[in-house]
Amino acid sequence: MKTSFKQVGSLPQEIHHELLIDAKSVTLNATLSPKKAHTILFEGTLKGTVALTCDYCAEDFSSEIDEEVILELTDREYTNNEEVLPAVDVIECPSGIININEIMESEVHLMTSDYHKCKNCIDLKEEN
């Protein structure tokens, strides 16, 4: 799914999109709000199931996610001296096209690259 900076215009645009990532379904509910010239605030929630690998036993397992995502999108080159919200990542979309699928995949992969333990390994640690 793609949208453009021009489509967002001056009013917030609601996005509801489902995507299969690693054969698991993830849903995005988000709002794209114009912030200032060349900048859009992306606020949303990613929900669904993701495939993970336990960092203790290396077993594959699935886990539910319900994560808030806040980003600033810009259709020009980002310079570090621009005013951005604290702790918000900036994504450059130089063509003016916002690729929702790429944003979803990137955010899910960021979450899944974290440290994870399966239920068996969590239970094992609690027993000791």
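The following paragraphs examine the structure supplied in this document. Predicted, not measured: the structure shown is a model, and the values here were computed from it.

### Remarks on the overall build of the chain
Within the chain, the secondary structure is distributed over three helices and seven strands. For the chain, the succession of helices and strands along the chain, N to C, is β-α-β-β-β-β-β-β-α-α. The principal-axis extents of the C-alpha atoms in the chain amount to approximately 55 × 30 × 20 Å. Taking the contacts inside the chain whose residues are at least 6 apart along the sequence as the reference set, 50% of them involve residues at least 24 apart. Put simply, the chain has 10 plus and 25 minus side-chain charges, and the middle of one group is 3 Å from the middle of the other.

### Examining helix H2 (residues 100–112)
Note: α-helices contain 3.6 residues per turn, so residues at a spacing of three or four share the same orientation. The end-to-end C-alpha separation of H2 is 18 Å, in line with the 18 Å expected for 13 residues at 1.5 Å each. For H2, the complete set of buried residues consists of Ile100, Ile103, Met104, Glu107, Val108 and Met111. Take H2 and look down its axis: the buried residues cluster within an arc of 125°, on one side only. Turned more than 90 degrees away from the buried face of H2, the exposed residues are Glu102 and Leu110. Structurally, H2 contributes buried residues whose contacts are with strand E2 (13–21), strand E3 (24–36), strand E4 (39–53), strand E5 (60–74), strand E6 (89–92) and strand E7 (97–99).

### Structural notes on the pattern of salt bridges
Charged atoms that come close allow side chains of opposite charge to pair. As enumerated under the stated definition, the model contains one salt bridge in all. Lys35 is the partner of Glu72 in a salt bridge, and the nearest nitrogen-oxygen pair spans 2.5 Å. Pair noted here: Glu72 is in strand E5 and Lys35 is in strand E3, with a separation of 37 residues, a long-range link. Residue class for Glu72 comes out buried when judged on its relative accessible area of 3%. With relative accessibility at 34%, the residue Lys35 sits in the partly exposed group.

### Considerations on the packing of aromatic side chains
Aromatic ring pairs are reported here in terms of the distance separating the ring centres and the angle at which the planes meet. Following the criterion strictly, the structure yields one aromatic pair and no others. Consider the rings of Tyr56 and Tyr115, whose centres lie 6.2 Å apart with planes at 70°: the pair is edge-to-face. Linking Tyr56 in the loop between E4 and E5 with Tyr115 in the loop between H2 and helix H3 (119–127), this pair joins segments that are 59 residues apart in sequence. Taken individually, Tyr56 and Tyr115 each receive the classification exposed, so the pair is uniform in this respect.

### Digging into the sheet that holds E4
Taken in spatial order, the five strands make up an open sheet running E2-E3-E4-E5-E6, and their pairing is mixed. Across the chains shown, the open sheet's two edge strands, defined by having one partner strand only, are E2 and E6. On average, adjacent strands in this sheet sit at an angle of 30° to one another, irrespective of strand direction. Bridging between E4 and E5 involves 15 bridges; their strand directions are antiparallel. Note that in E5 the partner of Gly48 across the bridge is Ile65. Against the sheet, H2 touches E2, E3, E4, E5 and E6, its axis set at about 60° to E2.

Cut-offs applied
Residues numbered from 1 in each chain as written. Predicted model: local features only at pLDDT ≥ 70, side-chain atom pairs only at ≥ 80, totals over all residues. Heavy atoms only, no water. Helix = DSSP H or I, 4+ residues; strand = E, 2+ residues; numbered from the N terminus. Contact = heavy atoms within 4.5 Å. Lys, Arg positive; Asp, Glu negative; His and termini not counted. Charge placed at Lys NZ, Arg CZ, Asp CG, Glu CD. Expected span 1.5 Å × (residues − 1). Buried < 20%, exposed > 50% of the residue type's maximum accessible area, 1.4 Å probe, protein only. Arc of directions from axis to C-beta. Salt bridge = Lys/Arg side-chain N within 4 Å of Asp/Glu carboxyl O. Phe/Tyr/Trp six-rings, centres within 6.5 Å; stacked < 30°, edge-to-face > 60°. Pairing = 2+ DSSP bridges. Axes fitted to C-alpha atoms, helices over the stretch in contact; angles between N-to-C directions.

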